[in-house]
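As a plain string of letters, each chain reads:
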Protein chains: 2
Amino acid sequence: MSEFYKEITPAGFGIAIKQKQVLFSKQSPFQKVEIIDSDSELGKILTLDDLMMTTEGDEFYYHEMISHIPMMHHKNPETVLVIGGGDGGTVREVLKHSSVKKVVLCEIDGMVIDACKQYLPTIACGLDDNRVEIKVEDAIAYIKDKKDEFDIVLIDSTDPMGPGEGLFTEEFYTNVKNSLKKGGIVAAQSESPVVNKNEIKKMYKLLKKVFPICAAYTSPIPTYPGGYWAWAYCSVDVEPLSYYADNRAAEITKSCKIYNKEYHYARFALPNYLKELLENC
Amino acid sequence: MSEFYKEITPAGFGIAIKQKQVLFSKQSPFQKVEIIDSDSELGKILTLDDLMMTTEGDEFYYHEMISHIPMMHHKNPETVLVIGGGDGGTVREVLKHSSVKKVVLCEIDGMVIDACKQYLPTIACGLDDNRVEIKVEDAIAYIKDKKDEFDIVLIDSTDPMGPGEGLFTEEFYTNVKNSLKKGGIVAAQSESPVVNKNEIKKMYKLLKKVFPICAAYTSPIPTYPGGYWAWAYCSVDVEPLSYYADNRAAEITKSCKIYNKEYHYARFALPNYLKELLENC
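So, a few notes on the structure that sits alongside this text. (Residues numbered from 1 in each chain as written. Chains lettered and ligands numbered in written order. Predicted model: local features only at pLDDT ≥ 70, side-chain atom pairs only at ≥ 80, totals over all residues. Heavy atoms only, no water.)

Observations regarding the overall build of chain A
Then, number 1: Helix and strand content of chain A: 10 helices and 12 strands.
Then, number 2: Over its C-alpha trace chain A gives a radius of gyration of 18 Å, about what one expects of a compact globule, namely 19 Å for 281 residues.
Then, number 3: In terms of overall dimensions, chain A has a C-alpha envelope of 50 × 45 × 35 Å along the principal axes.
Then, number 4: Taking all 281 residues of chain A together, 64% fall into the buried category.
Then, number 5: When the accessible surface of chain A is split by element, carbon and sulfur atoms take 48% of a total near 10,300 Å². (Helix = DSSP H or I, 4+ residues; strand = E, 2+ residues; numbered from the N terminus. Rg over C-alpha atoms; globule rule 2.2 N^0.38 Å. Buried < 20%, exposed > 50% of the residue type's maximum accessible area, 1.4 Å probe, protein only. Areas by Shrake-Rupley, 256 points an atom, 1.4 Å probe, with all protein chains shown as cover.)

Written out as structure tokens, the structure is:
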């Protein structure tokens, strides 16, 4: 094995991590699943089809942002659907909200869940909570007939290729919208503003067709392409920053490494080039 | 030459960039100066002692932040001192402010200036402006007897080791403070919140001893360690966000790739771990 795990984006640059050993490597029916132990502050790493999904050392930059931003704009989120997210990090964050009664994790690949439970317990730790219902199935089929069911839907998908491709279509977004209760909010990972500008454009074009309210928010993620990530915030009836759950703020902030109210509000202030890109799609 | 230029931080991970050729490589009296042509969207890269300083492709993430944040909190910045910053990117941004009458660039290493003028003209383009006075000398000596001279001082230094080491001391910061006019503001690059926590702690401890007002702001930089960077904002009499130069906002925003007022204000919202680190130093 080479000294470095490298992930180079089509932009010609990327991340290099000192690696120690591959702890797990198997081909599932959907993708290659690997857990690599790094010789770095990042600790263990989950990769799918040779793309880094999460690391023990910096996973909180992603998981706190995909979950608490939409959750804190909802008055009383009780039922939450997480699509993808088999590592469990998003579920762990959602469960921090005392209002939550039920979280459905719909992950197509059971091998991801099993590998993360075994090798990444600090990330997967919420998956055994009795409020969590795990569906190992295709979210495209799962969401099809759901009406008025979820307060929050979090699309914690892989990139728009391979098994995640169908999670970036107008039909899928429409079904997600229909699955929302009144006051419901969707957050979806939406790639890197640095190296995935075309993918962002395509995705927001579709989201804007489906959702009356569609905004983007961003935050740094050290190990993701470009070190800078975007998420889509979508809703039928709740503008971002129009309501904030001050009653839950203290408990959530206390349990987080980055999340706080000021940091939350600041996420929606976008750089010029991203504002322009989103206005033109 | 190997396929990748790699820069691995002490945290065990870092950046890898496809490289084409070394265009310039010389040892100056202070450091090794190199310009590398990459096979990536980053274009050409300046390295000093094998550490990346700037790239054509992502330099604006750094230069817009070190300059416009302090400049826009000043009512009428006329005289500006840039310490280090031999690539010229910070000077280029400072010159966008119509109020500016004089910019002194104090860079210890003339070879950096010459190499950047030759190989990185889109970054160094401001250095020939007739408002710019270039001093190829040690900023530690230069600043010593300056009193009441600058509206803005920007410490655009290398890391706290090698030739940049003396730019991270209490004595130096005191001299910088004394060089400020009334209403003056200092911004200083202050390393990565992801991989340089100890360096940040040391630096802000000293800055807080010297400056009555000391805050941190952050923004992503794709090619810097951790993809996420911090700058110190220091002043004797101007709190951050207490004044904003709305009269200059349109011209500056129009000329920038990321800078705008909302993005500016959002920079001071820090993640919990950085807030705690700064409160405890």
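Read on, since the account is not over.
Observations regarding the packing of aromatic side chains
Then, number 1: A full pass over the atoms with the stated rule returns 24 aromatic pairs over all chains.
Then, number 2: Each ring, one from B:Tyr217 and one from B:Phe268, has its centre 5.3 Å from the other, and the planes form 45°; the classification is tilted. Remark: B:Phe268 occurs in the loop between α9 (261-266) and α10 (272-279) and B:Tyr217 occurs in strand β11 (residues 213-220); sequence separation between them is 51 residues. Comparing B:Tyr217 with B:Phe268, the two get one shared label, buried.
Then, number 3: Where B:Tyr224 meets B:Trp229, the ring centres are 4.7 Å apart and the plane angle is 70°; that geometry is what we call edge-to-face.
Then, number 4: Connected via pairs of aromatic rings, a cluster forms that spans A:Tyr62, A:Tyr217, A:Tyr224, A:Trp229, A:Trp231, A:Tyr233 and A:Phe268.
Then, number 5: Lying across the ring of A:Tyr142, A:Lys146 places its NZ or CZ 4.1 Å from the centre. (Phe/Tyr/Trp six-rings, centres within 6.5 Å; stacked < 30°, edge-to-face > 60°. Lys NZ or Arg CZ within 6 Å of the ring centre and 35° of its normal.)

Considerations on the pairing of strand β4 (residues 44-48) of chain B
Residue and element names in this part refer to chain B.
Then, number 1: Within β4, four of the five residues are buried, which leaves the element mostly enclosed by the surrounding structure.
Then, number 2: Pairing of strand β3 (residues 32-38) with β4 involves five bridges; the strand directions are antiparallel. Among the inter-strand pairings, isoleucine 35 is bridged to a residue of β4, identified as leucine 46.
Then, number 3: Between β3 and β4, which pair antiparallel one after the other, the connecting turn spans five residues, and glycine 43 there sits at a positive phi close to 65°. (Pairing = 2+ DSSP bridges.)

Regarding the packing of helix α6 (residues 170-179) of chain B against helix α7 (residues 197-210) of chain B
All names here are of chain B.
Then, number 1: Axis separation between α6 and α7 bottoms out at 9 Å; the angle between their running directions is 45°. Taken together, the axis directions place α6 and α7 in an arrangement best described as oblique. Relative to α7, α6 is oriented so that their crossing is right-handed. Facing Glu170, Tyr173, Thr174 and Lys177 of α6, the residues of α7 in contact are Met203, Leu206, Leu207, Lys209 and Val210.
Then, number 2: When grouped by side-chain class, the residues that make up the contact of α6 with α7 number five nonpolar, one polar and three charged. (Axes fitted to C-alpha atoms, helices over the stretch in contact; angles between N-to-C directions. Parallel < 35°, antiparallel > 145°, perpendicular 65-115°, else oblique. Left-handed = near helix turned anticlockwise from the far one by under 90°. Contact = heavy atoms within 4.5 Å. Nonpolar A, V, L, I, M, F, W, Y, C, P; charged D, E, K, R; others polar.)

Observations regarding the sheet that holds β11(B)
Residues and elements named next belong to chain B.
Then, number 1: Ordered in space as β8-β7-β6-β9-β10-β12-β11, the seven strands form an open sheet in which the pairing is mixed. Two strands close off the open sheet at either side, each with one partner strand: β8 (132-135) and β11. Here the average twist between neighbouring strands, direction ignored, is 15°.
Then, number 2: Bridging between strand β9 (residues 150-156) and strand β10 (residues 180-189) involves five bridges; their strand directions are parallel. Its bridge partner lying in β10, leucine 154 is registered against alanine 187.
Then, number 3: Contacts from helix α1 (residues 59-71) reach β6 (79-84), β9, β10, β11 and β12 (228-235), with the element oriented near 155° to β9.

As for the side chain of A:Ser99
All names here are of chain A.
Then, number 1: Summarising the element assignment, serine 99 is placed in the loop between α2 (89-94) and β7 (102-106).
Then, number 2: A distance of 2.8 Å separates the side chain of serine 99 from the backbone oxygen of proline 77, its partner in a polar contact.
Then, number 3: The residues touching serine 99, leaving out its near neighbours within four places in the chain, are Asn76, Pro77, Glu78 and Arg248. (Polar contact = N/O pair within 3.5 Å; in protein donor to acceptor, adjacent residues only side chain to side chain.)

Observations concerning helix α8 (residues 246-254) of chain B
Residues and elements named next belong to chain B.
Then, number 1: Of all the residues in α8, the buried ones are Arg248, Ala249 and Ile252. All buried residues of α8 lie within an arc of 125° about the axis, which places them on one face of the element. α8 presents Asn247, Ala250 and Lys254 as exposed residues on the side facing more than 90 degrees away from its buried surface.
Then, number 2: On its buried face, α8 is in contact with α1. (Arc of directions from axis to C-beta.)

Focus on empty space enclosed by the protein
Then, number 1: For the coordinates displayed, the defined rule picks out two cavities of 30 Å³ or more.
Then, number 2: Space inside the largest cavity adds up to approximately 230 Å³.
Then, number 3: In this structure, the largest cavity is lined by 22 residues; those nearest its centre are A:Gly14, A:Ile15, A:Pro222, B:Gly14 and B:Pro222.
Then, number 4: When residues of the lining of the largest cavity are traced back to their parent elements, those giving at least two are β2 (13-27) of chain A together with β2 (13-27) of chain B. (1 Å grid on protein atoms, 1.4 Å probe; cavity = no way out; pocket = protein on both sides within 12 Å on 5 of 7 lines; lining within 4 Å. Points joined across faces, edges and corners; volume = space filled by probe spheres on them.)

A look at the sheet that holds strand β8 (residues 132-135) of chain A
Residues and elements named next belong to chain A.
Then, number 1: Read from one edge of the open sheet, seven strands run β8-β7-β6-β9-β10-β12-β11, paired in mixed fashion. Because the sheet does not close on itself, it has two edges, and the strands there are β8 and β11 (213-220). In this sheet, adjacent strand axes meet at a mean angle of 15° when their direction is disregarded.

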